[in-house]
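Below are the chains, spelled out letter by letter.
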Amino acid sequence: MSIPFLDLKAINLSQADELQAAFQRVLQSGWFVLGQEVEQFERRFAAYCGAGHGIGVANGLDAIMLVLKAAGIGPGDEVIVPSNTFIATWLAVSYCGATPIPVEPVEATYNIDPARIAAAITPRTRAIIPVHLYGQPADMAPILALAEQHGLLVVEDAAQAHGARYRGQRTGSLGRAAAFSFYPGKNLGALGDGGGITTSDGALAERLRTYRNYGSQKKYHNQVQGYNSRLDELQAAFLSTKLAVLDEGNTLRRAIAARYTELLADIPGLLLPSVPEWAEPVWHLYVVRHPQRDRLAAALAEAGIGTIVHYPIAPHMQQAYAELGYKEGDFPIAEAIHREVLSLPIGPHMTLQQADEVALAVRRAVQCL
Ligand SMILES: *Cc1c(COP(=O)(O)O)cnc(C)c1O
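Residues numbered from 1 in each chain as written. Predicted model: local features only at pLDDT ≥ 70, side-chain atom pairs only at ≥ 80, totals over all residues. Heavy atoms only, no water.

Some points on the sheet that holds strand S6 (residues 165-166)
Link 1 in the chain: If you walk across this open sheet you meet the three strands as S7-S6-S12, and the pairing is antiparallel. The open sheet has two edge strands, strand S7 (169-170) and strand S12 (279-280), and neither has a second partner.
Link 2 in the chain: Relative to S12, S6 is paired through two bridges, and the arrangement is antiparallel. Across the sheet, the residue bridging to Tyr166 is Ala279, located in S12. (Pairing = 2+ DSSP bridges. Helix = DSSP H or I, 4+ residues; strand = E, 2+ residues; numbered from the N terminus.)

Encoded structure:
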């Protein structure tokens, strides 16, 4: 590929010295799980998000699951999730023994449609998990209003939206709690797996610290049947290093997105991302839509441009969820999105000149379809 979809090697090597220093710090400390590095990163990341508390955990899926668990959600409960999301949002609900209840997205933004949520609420509903998909915040105000009215917990799935803003306010500070992933390819990525939760609810933060560590606050005294889901000192040290350049990376992503939006505006059949006036996305992904998506992807691969489909199969159509009994046509908006979306290269590894090359290749490819 002459322009790869993502280049994690280049991204991390741009901070090689700082990351080596972080490694040395942890090596010399002799302390590897739940220590100073984790505490420091938790404080820094919570402050970055405008939340009172940060809790480091093992990965993004656990981050969502632990919030639901700590809130007492379990078998017999229903949790509203987007029909259009990465499957982890659903799996977190299933792992608690609760049932994911899908709600279709607003077609233009790909995010859960607040106007469709009320119809999905039943006496069993306990929580709503809006996902800030592709780095663009979900429309939180009407979701929070509905949740307030029905006494529901709102957990942001912010795994793709580190630093994004909704009406000027950072993701991670919008719901009762927010779940982040620090998987290497995310806007803030570790050098391995990692996850985090932010919340301004002190009691919930305390319960989450217990749940992530065997259900124990005092060593060998266990209050609840908890998990082993902790962020490593090493990953926390890397994440503090990378948090320092998150805004810089997001700024570059915005510039690349703006370039794509400008250069691809008038191509027939190609649908570009639409940004509501209240949203400040961080462009985890730049997702276009075309009825001949697979041929477009093949033509771009031919031209040396890496693309990925996020995602090819909607969660309700996955074999893993056969037990819920959904069939094709049950969530037609999500299904159409999954048939037509294509993610173009974007990230701090790219230059604006490369964005121009990608845009030109897309224009040529669409013409030849
Ligand atoms: C990446 C991701 C997750 C899960 O994060 P992991 O760290 O891979 O467990 C959850 N939700 C969304 C929307 C994601 O993109």
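Notes on the site of the ligand
Link 1 in the chain: In the vicinity of the ligand, the contacting residues are Asn59, Gly60, Leu61, Phe86, Ala88, Val131, Asp157, Ala159, Gln160, Ser181, Lys186 and Gly194.
Link 2 in the chain: Within the backbone of Leu61, a nitrogen or oxygen atom sits 2.9 Å from an oxygen atom of the ligand.
Link 3 in the chain: Taking Ser181, its side chain carries an N or O atom lying 2.6 Å from an oxygen atom of the ligand.
Link 4 in the chain: Protein coverage of the free-state accessible area of the ligand, which is 380 Å², stands at 91%. (Near = heavy atom within 4 Å. Polar contact = N/O pair within 3.5 Å; in protein donor to acceptor, adjacent residues only side chain to side chain. Areas by Shrake-Rupley, 256 points an atom, 1.4 Å probe, with all protein chains shown as cover.)

Observations concerning the sheet that holds strand S3 (residues 99-103)
Link 1 in the chain: Strand order in this open sheet of seven strands is S1-S9-S8-S5-S4-S2-S3, and the pairing throughout is mixed. Single-partner strands in this sheet number two, and they are strand S1 (53-57) and S3. Adjacent strand axes in the sheet meet at a mean angle of 25°, parallel and antiparallel pairs treated alike.
Link 2 in the chain: Bridge count between strand S2 (residues 78-82) and S3: five bridges; the pairing is parallel. In the sheet register, Pro82 faces S3, and the bridge partner there is Val103. (Axes fitted to C-alpha atoms, helices over the stretch in contact; angles between N-to-C directions.)

Notes on the domain arrangement of the protein
Link 1 in the chain: Assigned domains within the protein: domain 1 (8-103 + 112-243) and domain 2 (246-368).
Link 2 in the chain: Of the roughly 2,800 Å² buried at the junction of domain 1 and domain 2 (both faces included), carbon and sulfur atoms supply 60%.
Link 3 in the chain: The tally of links between domain 1 and domain 2 comes to 18 residue pairs in polar contact (both at pLDDT 80 or more).
Link 4 in the chain: At the level of secondary structure, the elements contributing two or more residues to the side of domain 1 that touches domain 2 comprise helix H5 (88-95), S3, S6 and helix H9 (233-243).
Link 5 in the chain: Looking at the side of domain 1 that touches domain 2 residue by residue, the class counts come to 16 nonpolar, twelve polar and seven charged. (Domains from an automatic or database assignment. Buried area = accessible area lost by both parts, 1.4 Å probe. Nonpolar A, V, L, I, M, F, W, Y, C, P; charged D, E, K, R; others polar.)

Here's the deal with the side chain of Thr85
Link 1 in the chain: You can see Thr85 is positioned in the loop between S2 and H5.
Link 2 in the chain: Within the structure, Thr85 has its side chain in polar contact with the side chain of Thr89 (distance 2.9 Å).
Link 3 in the chain: For Thr85, the contacting residues outside a window of four places in its chain are Trp90, Val131, Leu133, Tyr311 and Pro315. (Contact = heavy atoms within 4.5 Å.)

Observations concerning the packing of aromatic side chains
For any two aromatic rings, the description comes down to two numbers: the centre-to-centre distance and the angle of the planes.
Link 1 in the chain: Applying the stated criterion across every chain, the model contains twelve aromatic pairs.
Link 2 in the chain: Between Tyr166 and Trp278, the ring centres sit 5.0 Å apart and the planes meet at 70°, which makes this aromatic pair edge-to-face. Residue Tyr166 is found in strand S6, and its partner Trp278 is found in the loop between helix H10 (246-263) and S12; the two are separated by 112 residues along the sequence.
Link 3 in the chain: Judged by its relative accessible area of 5%, Tyr166 falls in the buried class.
Link 4 in the chain: The exposure class of Trp278 is buried, given its relative accessible area of 15%.
Link 5 in the chain: An aromatic cluster is defined as three or more aromatic residues linked by ring pairs; in this entry it consists of Phe41, Phe45, Tyr48, Phe180 and Phe182.
Link 6 in the chain: Taking the ring centre of Tyr48 as reference, the NZ or CZ of Arg170 above it sits at 3.9 Å. (Phe/Tyr/Trp six-rings, centres within 6.5 Å; stacked < 30°, edge-to-face > 60°. Buried < 20%, exposed > 50% of the residue type's maximum accessible area, 1.4 Å probe, protein only. Lys NZ or Arg CZ within 6 Å of the ring centre and 35° of its normal.)

A short note on the nonpolar core
Generally speaking, soluble globular proteins have nonpolar side chains that are buried together.
Link 1 in the chain: Counting residues in each nonpolar core, the largest one holds 32 residues, and the members touching the most others are Leu68, Val79, Ile129, Ile197 and Leu208.
Link 2 in the chain: For this core, the elements supplying multiple residues, two or more each, are S1, helix H4 (60-70), S2, H5, strand S5 (153-157), strand S8 (177-181) and helix H8 (202-211).
Link 3 in the chain: The element contributing the most residues to this core is H4, with eight residues.
Link 4 in the chain: Contacts of Val79, omitting those with residues within four sequence positions, involve Ile73, Val93, Ala98, Thr99, Pro100, Ile101, Ala127 and Ile129.
Link 5 in the chain: Counting residues in each nonpolar core, the second largest holds 26 residues, with Val288, Ile305, Leu344 and Ile346 among its members. (Core = buried A, V, L, I, M, F, W, Y, C linked by side-chain atoms within 4.5 Å.)

What to know about helix H12 (residues 332-340)
Link 1 in the chain: Along H12, the positions that sit buried rather than exposed are Ile333, Ala334, Glu335, Ala336, Ile337 and His338.
Link 2 in the chain: The secondary structure elements touched by the buried residues of H12 are helix H6 (114-117), strand S13 (286-289), helix H11 (293-302) and strand S14 (341-344).

Let's talk about the environment of Glu357
Link 1 in the chain: The residue Glu357 is located in helix H13 (residues 352-367) in this model.
Link 2 in the chain: Assessed through its relative accessible area of 39%, Glu357 is described here as partly exposed.
Link 3 in the chain: Distance from Glu357 to Ile305, taken between C-alpha atoms, is 9.0 Å for residues 52 residues apart in sequence.

Here we look at the pairing of strand S9 (residues 195-199)
Link 1 in the chain: In terms of burial, S9 is a largely internal element, five of the five residues being buried.
Link 2 in the chain: What you see with S9 is no split at all: Gly195, Ile197 and Thr199 on one side and Gly196 and Thr198 on the other are buried throughout.

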